[in-house]
Each structure stands twice: as C-alpha cells, then as structure tokens.
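# Architecture and fold: a report
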Amino acid sequence: MAAGSSLPILVVDDHRTMLAIIAKQLRDIGFPEVDTVGDPITALTMLRRRRYRLILSDWNMKPMDGLAFLRAVRSDPDYAAIPFVLITAESRPEAVAEAGRLGVDGFILKPFDSASLKARLTGLLGRV
C-alpha cells in the first residue's frame, strides 16, 4: 500500500515526547492518519474500535511492556495480522529472538530519524 492510505497507524509509547516525535515523522513521510496512545492497555481498546494499517510500539513500558502487548495483539484473530513493529534500544539476542517467536514484523532502533523510519516502513508496507 502506498502512503496516504485511509488506514491509520497506531503508535504506542509511554513517553509523550516520543509519541509526538513519531507522529510528526509519520505525517512528514506521508502517513496523515496517526493515532497515539500512552499505554498498551488503552491501545487494545483502540484496536477494538478502529482498523489499523500498522502498530508501532515502544518495547519498554509499564504496566504492560511491548512484548506482552505484541502477545495480546497476536492472540486476537481480529487484529493478529496487523503489521507490528517494536521501537527499542533493546539488542539482547535472546530478547530479539523472543519478539520474533511472538510474531513481530520488525524493529526500529532508537534513536532514529525520519529517513530511517521511512526506510523501515517501505520495507514493511511497500512504497512509502
């Protein structure tokens, strides 16, 4: 799908500044519809209300971390197929392998800029 699709992107991060930065970068690279939320529990509620094209989630959050959120998303057939990308500084091989077993579609390593975000999403969604 090309950028500008009517399907929004859901961004989940417990830091408001990161939410604002990521949402701006997404809009700048051609994704006008971005919903942001500060915790995965609220994000699960949002998934029930709206169809998303992509989920971008921070890994290290409380009370539910990104892996638990990924597990919850993948366990529900209504939205298990939505591409899911973890945004993280995590690089421990065992943690990355666990995310892979749970069905993550990719990673964006912090820090990142609009160009690296666009490159990652192009690989995942097609032309951006």
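To be clear, the structure that these remarks concern was listed above.
These remarks concern the structure in this document. (Residues numbered from 1 in each chain as written. Predicted model: local features only at pLDDT ≥ 70, side-chain atom pairs only at ≥ 80, totals over all residues. Heavy atoms only, no water.)

## Here's the deal with the sheet that holds strand β1 (residues 9-12)
What the five strands build is an open sheet, ordered β2-β1-β3-β4-β5; its pairing is parallel. The sheet is open, and its two borders are formed by β2 (34-37) and β5 (106-109), each paired with just one other strand. Pairs of neighbouring strands in the sheet enclose a mean axial angle of 20°, with direction left out of account. Relative to strand β3 (residues 54-58), β1 is paired through four bridges, and the arrangement is parallel. Its bridge partner being in β3, V11 is matched across the sheet by L56. (Pairing = 2+ DSSP bridges. Helix = DSSP H or I, 4+ residues; strand = E, 2+ residues; numbered from the N terminus. Axes fitted to C-alpha atoms, helices over the stretch in contact; angles between N-to-C directions.)

## Concerning helix α1 (residues 16-28)
Note on helix geometry: an α-helix contains 3.6 residues per turn, so any two residues three or four positions apart are oriented the same way. Taking 1.5 Å of rise per residue, 13 residues should cover 18 Å, and α1 covers 18 Å from first to last C-alpha, within 8% of that figure. Looking at α1, one finds that the buried residues are M18, L19, I22, A23, Q25 and L26. Burial along α1 is one-sided: seen end-on, the buried residues are contained in an arc of 165°. The exposed set on the far side of α1, more than 90 degrees from its buried face, consists of R16, T17 and D28. The elements touched by buried residues of α1 are β1, β2, β3, β4 (84-88) and α5 (114-125). Two residues or fewer past α1, G30 is found with a positive phi of approximately 110°. (Expected span 1.5 Å × (residues − 1). Buried < 20%, exposed > 50% of the residue type's maximum accessible area, 1.4 Å probe, protein only. Arc of directions from axis to C-beta. Contact = heavy atoms within 4.5 Å.)

## Topic: the packing of aromatic side chains
Following the criterion strictly, the structure yields two aromatic pairs and no others. With a centroid separation of 6.2 Å and 20° between ring planes, the pair formed by W59 and F107 is classed as stacked. Taken as a pair, W59 in the loop between β3 and α3 (66-74) and F107 in strand β5 lie far apart in primary sequence, 48 residues in all. (Phe/Tyr/Trp six-rings, centres within 6.5 Å; stacked < 30°, edge-to-face > 60°.)

## Here's the deal with the nonpolar core
In this structure, L10, L47, F69, V73 and F84 are the most contacted members of the largest nonpolar core, which totals 24 residues. Listing elements by their share of this core, those giving two or more residues are β1, α2 (40-49), α3, β4 and α4 (93-102). The residues touching F84, leaving out its near neighbours within four places in the chain, are I55, S57, G66, F69, L70, V73, R74, V104, D105 and G106. By size, the runner-up hydrophobic cluster in this structure holds 19 residues, among which are I22, A23, L26 and V34. (Core = buried A, V, L, I, M, F, W, Y, C linked by side-chain atoms within 4.5 Å.)

## Regarding the environment of G106
Along the chain, G106 falls in strand β5. By relative accessible area, which is 5% here, G106 ends up buried. Residues G106 and F84, 22 residues apart in the sequence, show an inter-C-alpha distance of 7.0 Å. For G106, the residues in contact, after removing those within four places along its chain, are F84, V85, L86 and R120.

## With respect to the pattern of salt bridges
Per the stated rule, a full pass over the model turns up eight salt bridges. Two residues, R92 and E94, come together in a salt bridge whose shortest N-O distance is 3.2 Å. Its relative accessible area of 48% is what places E94 among the partly exposed residues. Three or more residues joined by partner-sharing salt bridges are found here, namely E33, D35 and R50. (Salt bridge = Lys/Arg side-chain N within 4 Å of Asp/Glu carboxyl O.)

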